[in-house]
Amino acid sequence: LFVDQDLKKDLGVALDKPQAHYVATVMRHQAGDRVVLFNGRDGEWLGEIQEARKQTVLIHVQEQLRPQPEAMDLQLWFAPVKKIQNGLIVQKATELGVSALVPVQTQRTNADRLRTDKAYLQAIEAAEQSERLTVPEVREPVRLDTMLKALEPDRQLLFCHERLDGASALEVLQRQGRAQKWAVLVGPEGGFTDEERELIQSCEQAHAISLGPRILRAETAVIASLSLLQAVCGD
Ligand code: SAM
């Protein structure tokens, strides 16, 4: 259970109303039940429910189960697509270990399609389900050219390019080895414009990668690229 409060032995945690409802009414937890807590900073903790009512749940923090692991610095820059697919992108990218979700506005994107507050709740749910101990940050939509200008010199950008002859993703990743900071960029349904492709490829840290000869939907490209990155360069 993700709680936005400090976690330390013997602290009391009071859940907010929606979470209390989830724990007491949906999960039907009662006083005496044990739950696992994390807050993205203090590792994983065992807690015992002391009081479980519809709108109030109080938990006594007991012992640490896992220390906070060092998380990979991995951003996903994605052009928001349709609502359901955005949800899928947020969920799968969280399971696959991204530390930040960055919706980018491209020439063929409608970034208004993404509700970042909803996306954050989806990320919390996916973090809980996948037992990771952090929740990725969900940024407000930002223009692609702004992101490219602000790209740090030590961040490697994997640019998923659907019409690329040349190096496969695997070769590029093996060449880059274990970089400390990554970003993966996936375009919108309509793809990037030629002008955008040139702009992206003019960045020294950008590496165009192909995920095979077929044109993948954006959400498939997100899953495929992050899986490869984690397999070759992840922890
Ligand atoms: N309308 C575009 C076209 O026909 O060329 C297709 C865009 S595709 C649905 C959405 C995004 O997924 C692309 O911008 C790219 O980032 C990524 N993508 C799709 N297939 C890919 C592939 N085979 N290799 C690398 N990236 C791919």
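Residues numbered from 1 in each chain as written. Predicted model: local features only at pLDDT ≥ 70, side-chain atom pairs only at ≥ 80, totals over all residues. Heavy atoms only, no water.

Draft legend 1. Looking closely at the site of the ligand. In the vicinity of the ligand, 20 residues are found, and the nearest of them are Cys160, Glu189, Leu211, Gly212 and Arg214. Contact between the ligand and Arg163: an oxygen atom at 3.0 Å from a side-chain N or O atom of the residue. Leu211 has a polar backbone atom sitting 2.8 Å from a nitrogen atom of the ligand. Summarising the interface, the protein chains cover 88% of the accessible area of the ligand, which totals 580 Å² for the free molecule. Along the lines of polarity and charge, the residues of the shell around the ligand split into 10 nonpolar, six polar and four charged. (Near = heavy atom within 4 Å. Polar contact = N/O pair within 3.5 Å; in protein donor to acceptor, adjacent residues only side chain to side chain. Areas by Shrake-Rupley, 256 points an atom, 1.4 Å probe, with all protein chains shown as cover. Nonpolar A, V, L, I, M, F, W, Y, C, P; charged D, E, K, R; others polar.)

Draft legend 2. The sheet that holds strand E4 (residues 57-66), seen in detail. Taken together, four strands build an open sheet; the order of strands is E1-E4-E3-E2 and the sheet is antiparallel. The sheet is open, and its two borders are formed by strand E1 (12-14) and strand E2 (34-38), each paired with just one other strand. For this sheet, the mean angle separating the axes of adjacent strands, direction not counted, is 40 degrees. (Pairing = 2+ DSSP bridges. Helix = DSSP H or I, 4+ residues; strand = E, 2+ residues; numbered from the N terminus. Axes fitted to C-alpha atoms, helices over the stretch in contact; angles between N-to-C directions.)

Draft legend 3. How the structure looks around the pattern of salt bridges. The tally for this structure, following the rule as stated, stands at 14 salt bridges. Among the salt bridges present, the one from Arg41 reaches Asp6, with a minimum N-O distance of 3.0 Å. Of this pair, Arg41 sits in the loop between E2 and strand E3 (44-52) while Asp6 sits in the segment before E1; the two residues are 35 residues apart in sequence, bridging distant segments of the chain. One salt bridge connects Glu162 with Arg197, and the closest N-O pair in it is separated by 3.4 Å. One end of the pair, Glu162, is in the loop between strand E9 (155-160) and helix H5 (169-176); the other, Arg197, is in helix H6 (residues 194-201), and 35 residues separate them in sequence. It is possible to trace a salt-bridge network through shared partners that takes in Asp73, Glu152, Asp154, Arg155 and Lys181. (Salt bridge = Lys/Arg side-chain N within 4 Å of Asp/Glu carboxyl O.)

Draft legend 4. Region of interest: the packing of aromatic side chains. In the structure shown here, the tally under the stated rule is two aromatic pairs. Aromatic side chains Phe159 and Phe192 sit 5.5 Å apart centroid to centroid with 70 degrees between the ring planes, which places their arrangement in the edge-to-face category. With Phe159 in strand E9 and Phe192 in the loop between strand E10 (181-186) and H6, the pair connects residues that are 33 residues apart, well separated along the chain. Overall, Phe159 belongs to the buried group, its relative accessible area being 0%. (Phe/Tyr/Trp six-rings, centres within 6.5 Å; stacked < 30°, edge-to-face > 60°. Buried < 20%, exposed > 50% of the residue type's maximum accessible area, 1.4 Å probe, protein only.)

Draft legend 5. Structural context of the environment of Leu121. Position of Leu121 among the secondary structure elements: in helix H3 (residues 116-130). Leu121 sits in the exposed class, given a relative accessible area of 56%. Expressed as a C-alpha distance, the spacing of Leu121 and Val138, which sit 17 residues apart in the sequence, is 9.7 Å.

Draft legend 6. Main features of a nonpolar patch on the surface. Taken together, the side chains of Tyr22, Val26 and Met27 make up a nonpolar region of the molecular surface, amounting to roughly 280 Å² of accessible area. Looking at the element boundaries, Val26 is found in helix H1 (residues 17-26). Residue class for Val26 comes out partly exposed when judged on its relative accessible area of 49%. (Patch = residues over 30% accessible without salt bridge, like charges linked within 9 Å, V, L, I, M, F, W, Y side chains within 5 Å.)

Draft legend 7. Fine view of the packing of helix H2 (residues 83-95) against H3. In contact at an axis separation of 8 Å, H2 and H3 are set at 40 degrees when each is read in the N-to-C sense. When the interaxial angle is binned, H2 and H3 end up oblique. Two packed elements cross with a definite hand, and for H2 against H3 that hand is right-handed. On H3, the residues touching Gly87, Val90, Gln91, Thr94 and Glu95 of H2 are Ala119, Gln122, Ala123, Ala126, Ala127, Gln129 and Ser130. Across the contact of H2 with H3, the residue classes break down as five nonpolar, six polar and one charged. (Parallel < 35°, antiparallel > 145°, perpendicular 65-115°, else oblique. Left-handed = near helix turned anticlockwise from the far one by under 90°. Contact = heavy atoms within 4.5 Å.)

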